[in-house]
Amino acid sequence: MKVGIDQIGYFTPNKYVDMVDLAHARNQDPNKFLIGIGQSKMSVADATQDTVSMGINATLRYLNKINKSKVGLLIFGTESSVDQSKSGSLFVKSALKLDPSVRAFEVKEACFGLTAGLMIAQDFVRLHPDQTAIVIGSDIARYGLKTAGEVTQGAGSVSLLISSNPRILELNEGHSAYSEDINDFWRPNNSKLAKVDGKYSTQVYLDFFKHTFNDYKEQKNLETRDFAAIVYHLPFTKMGLKANRIAIEGEDEETNARLMDSFTAAKELNANVGNIYTGSLYLSLLSLLENGDLKAGDLTGLFSYGSGAMAEFYSANVVEGYEKQIDKAGDEALLAKRKKLSVDEYERIFSEALEDPKNGVELVSDEDSGKYYFAGIKDDIRQYQAK
Ligand code: COA
């Protein structure tokens, strides 16, 4: 039985900062950000968009196309959670009016959270082929104003529907996983901002990529040239470019050109949205599906990485007619309607959103932001509202 990704929905807030403006404000050469880091723009979440509202908005992108009564599992992966106890899944379940019999919970392992959820969902659907699973990755990447990591921030969510007989990607059984207890990136309970050793993190990411990619190929008796494309976790697109260069080293010209072209297609959305932590790999997958040159049956490799650190390489095959399940025009419209912020406006919005609103203060959302928004805190309870 084939199990895989049947639907993909993504959401990003309606404001962004241009990396050229940020570079000027930080006295940096714009090419360092545009080429050296590989980022063009980054989405900014104001106080009315958090991981829950973004997760709801991402899932709404495909909800009217699916049978809600078949959803048996709802997993929320995040590293910028809104509560230390209650899972984001329950707010989402309620907004989407899913059946009370759905199993709903949250998972955490840095940027690996959505992949962890997807692997659980895959096993669930193999055991319960008549049911489906929604797996959401939703995050706001905050390193802090005027830090080296500032250019690798962003905000957004990706939601996947996992089902039998999927219409976008069929997941292949098997994987190569690798973990080590290290400190390359973390966020203590008393901080809204991440701590990171960026250069160390890049090194570990590349080491884990080499390990899992080679191990996977050996397990499955595959060569690099068998892959039509490889997509990577992209906290910033240069990181994936470095891994892709390792993947194609010593390969024939045709393989080199194909995997470089597919990487270029796969980084497009990420370069313009920024880092969305858990959703980054799947935003890149969506970018590849929309901008790449994939045919039915093509083998795609996926490399997931979460700091701390946990990595996994797995693969999937493209399903005939996948284009019909993707809303490319809607995805482009989401980016096109974003308002460009000046660096001063971004700094103010960023600082405001770091603090929770006071009890009883109602937040008002912009007209053109997502349908669902965070409306403030009442009696210590977070309120989510639809427009
Ligand atoms: N034109 C083109 N490229 C330029 C340039 C210019 N004018 N100036 C610098 N660069 C290049 C550098 O050569 C370097 O390239 P390389 O990585 O191929 O060597 C790149 O730009 C970055 O420069 P660097 O001096 O290393 O930047 P930095 O000290 O500001 O740090 C990060 C960059 C990415 C390490 C930092 O933003 C960070 O820590 N981000 C968070 C990373 C993260 O999230 N890790 C965990 C998640 S997996």
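### Some remarks on the domain arrangement of the chain
What the domain assignment lists for the chain is domain 1 (3-169 + 326-386) and domain 2 (170-320). A C-alpha centroid distance of 20 Å is found between domain 1 and domain 2. On the domain 2 side, the residues contacting the 61 residues of domain 1 number 47 residues. Sorting the residues of domain 1 by area buried against domain 2 places Cys111, Tyr143 and Leu169 first, and these three jointly supply 16% of that buried surface. Applying the counting rule to domain 1 against domain 2 returns two salt bridges. Where domain 1 packs against domain 2, one counts 25 residue pairs in polar contact (both at pLDDT 80 or more).

### Side note on the pairing of strand E7 (residues 154-164)
Taking burial as the measure, the 11 residues of E7 include 11 buried ones, the bulk of the element. Of the two faces of E7, the one lined by Gly154, Gly156, Val158, Leu160, Ile162 and Ser164 and the one lined by Ala155, Ser157, Ser159, Leu161 and Ser163 are each fully buried. Sheet topology note: the strand E1 (residues 3-11)/E7 ladder contains eight bridges and is antiparallel. Considered in E7, the bridge of Ile5 is made with Ile162. For strand E6 (residues 132-141) and E7, the ladder comprises nine bridges, and the chain directions are antiparallel. If you follow Ser138 over to E7, its bridge partner there is Ser157.

### Here we look at the pattern of salt bridges
Per the counting criterion, the structure on display carries 17 salt bridges. Residues Lys15 and Asp46 are paired through a salt bridge, measuring 2.7 Å at the closest nitrogen-oxygen approach. Residue Lys15 is located in strand E2 (residues 15-18), and its partner Asp46 is located in the loop between strand E3 (41-43) and helix H3 (51-60); the two are separated by 31 residues in the primary sequence. For Asp46, a relative accessible area of 12% corresponds to the buried category. Linking Arg258 and Glu254 is a salt bridge whose minimum nitrogen-to-oxygen distance equals 3.1 Å. With Arg258 and Glu254 both in helix H8 (residues 253-273) and four residues apart, this pair spans about one turn of that helix. Judged by its relative accessible area of 22%, Arg258 falls in the partly exposed class. One network of salt bridges, in which partners are shared, links Asp50, Lys192, Asp356 and Arg382.

Quick notes on the rules
- Residues numbered from 1 in each chain as written.
- Predicted model: local features only at pLDDT ≥ 70, side-chain atom pairs only at ≥ 80, totals over all residues.
- Heavy atoms only, no water.
- Domains from an automatic or database assignment.
- Contact = heavy atoms within 4.5 Å.
- Buried area = accessible area lost by both parts, 1.4 Å probe.
- Salt bridge = Lys/Arg side-chain N within 4 Å of Asp/Glu carboxyl O.
- Polar contact = N/O pair within 3.5 Å; in protein donor to acceptor, adjacent residues only side chain to side chain.
- Buried < 20%, exposed > 50% of the residue type's maximum accessible area, 1.4 Å probe, protein only.
- Helix = DSSP H or I, 4+ residues; strand = E, 2+ residues; numbered from the N terminus.
- Pairing = 2+ DSSP bridges.

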